[in-house]
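Below are the chains, spelled out letter by letter.
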Amino acid sequence: MILHLYFARRFAMGLLLIATVLTALIVLVDLIDQTRRFSDLSVSFGQRLGLTFLNAPETINQILPLIMILGTVSLFISLARSSELVVMRAAGRSAMRALVAPVTVALLLGLFATSTLGPLVAATLKRYATLSETYRSGGASDLSISENGLWLRQGGAQGQTVIRASRSNADASVLYDVTFVAYAPQGGPVRRIEAASAALQPGGWSLRQAKVWPLTTGLNPEANAATHDILVVPSTLTLDRIRESLGTPANVSIWDMPQFITQLEQAGFSARRHHVWFQSELARPVFLMGMVLVTAAFTMRHTRFGGTGMAVLAAVLLGFGLYFIRSFAQILGENGQIPIMLAAWAPPVASILLALGLLLQAEDG
């Protein structure tokens, strides 16, 4: 147990050091990107720095496999150079038992990333999207799904408009049974519109069978209501921005994902992408364990054998290859080419089986 704790502490410290260095690089690069993106707008350095820190957790979450690979390389190269692996083997302990501590740390880190880091990323991404849209156009646009339908908010110089629809078509370009409530820039509601459908076109919404009620103080809304076969409501929204708000599963906490998938399907959207993401998040601890085992299969060797540089390069390349296969399988799952469970769980399980095969071959010849 003392040896396991020693290996676990060494591995955790290496991961922390590598994560700190990569985080500093990520913040620096992203700060430059935010400066370029908002260079034409009156956004202060403090606001750009805030956007950078809000955007950084997503990148860190994505490069966790890389951090795991580099941490494993650092651990076993340092153990080999200090001959601690030789001493351990001479004491009668197998190489497989030496992997218990790093694999356990990887499992715990994967569970932390799934249960805590993922929801944190969802919260920071929502805040980042709201602030960046506010800095860019002066008003935030947002899309949310609830039991009462879908809710959309668009903003501009004329004020905010809240849109509610009972359902939508698959790509969110047409809303059905829709209600628009327009608000003054510094006041309350000024107009209410109900329509059978609303189709998003360049420059605005095209409403069919619409009825408009003015909500100005002193006017009778029903007496001054007007009906229109076709009514165009100006909007700065685009389909890409709506799909981006809706179609990014990382914007939803894993704890809220099952309910969100149910509401998404009730609203008429396809939730297959979110199903794949949810299962992939559940499988992430297994994938991180596979990254440790794959890297250890190449670097768990004494330096006197030579070829350390090639072994490290092979471990990194194989790790990136498995990460690419995992991403490719997720895309196939999202497109319906393969089953969801196969897309999410096959690459992590295959990584562990491949690594165990390499380790047993090296251990038993």
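Up top is the structure.
Thresholds applied
Residues numbered from 1 in each chain as written. Predicted model: local features only at pLDDT ≥ 70, side-chain atom pairs only at ≥ 80, totals over all residues. Heavy atoms only, no water. Helix = DSSP H or I, 4+ residues; strand = E, 2+ residues; numbered from the N terminus. Buried < 20%, exposed > 50% of the residue type's maximum accessible area, 1.4 Å probe, protein only. Areas by Shrake-Rupley, 256 points an atom, 1.4 Å probe, with all protein chains shown as cover. Core = buried A, V, L, I, M, F, W, Y, C linked by side-chain atoms within 4.5 Å. Contact = heavy atoms within 4.5 Å. Axes fitted to C-alpha atoms, helices over the stretch in contact; angles between N-to-C directions. Parallel < 35°, antiparallel > 145°, perpendicular 65-115°, else oblique. Left-handed = near helix turned anticlockwise from the far one by under 90°. Nonpolar A, V, L, I, M, F, W, Y, C, P; charged D, E, K, R; others polar.

Helix and strand content of the protein chain: 11 helices and 7 strands. Buried residues in the protein chain amount to 44% of all 365 residues. Element-wise, carbon and sulfur atoms account for 63% of the exposed surface of the protein chain, whose accessible area totals about 18300 Å².

It is worth spelling out the nonpolar core at this point. Ranked by size, the top nonpolar core spans 54 residues in total, and within it M68, F76 and L99 carry the most contacts. Counting residues per element, the ones that place at least two in this core are α1 (2-37), α3 (64-81), α4 (84-90), α6 (100-137), α8 (257-266), α9 (272-299), α10 (308-334) and α11 (340-364). Of all the elements, α9 adds the most residues to this core, at 10 residues. The contact partners of L99, leaving out residues within four places of it in the chain, are F76, L293, A296, M300 and L359. Within the second largest apolar cluster, 18 residues are counted, among which are L152, I163, V233 and L237.

The next point concerns the packing of α1 against helix α2 (residues 45-62). For the pair α1 and α2, the least separation of the axes is 8 Å and the interaxial angle reads 130 degrees. In terms of orientation, α1 lies oblique with respect to α2. Between α1 and α2 the crossing geometry is right-handed. Seen from α1, the contacting residues are T23, I26, V27, D30, L31, Q34 and T35; seen from α2, they are F45, R48, L49, L51, T52, F53, N55, A56, T59 and I60. Class assignment of the residues belonging to the contact of α1 with α2 gives a composition of 9 nonpolar, 6 polar and 2 charged.

Among the secondary structure elements, Q158 is positioned in the loop between β2 (149-154) and β3 (161-168). In this structure Q158 comes out as exposed when scored by relative accessible area, which is 68%. As for Q158 and Q186, which are separated by 28 residues in sequence, their C-alpha atoms are 9.7 Å apart. In this structure Q158 touches Y183, A184 and P185, once residues within four positions along its chain are discounted.

A word on the environment of I261. Along the chain, I261 turns up in helix α8. A residue is classified by how much of its surface remains accessible, and I261, at 6% relative accessible area, is buried. Counting along the chain gives 11 residues from I261 to R272, while the straight-line C-alpha distance between them is 8.7 Å.

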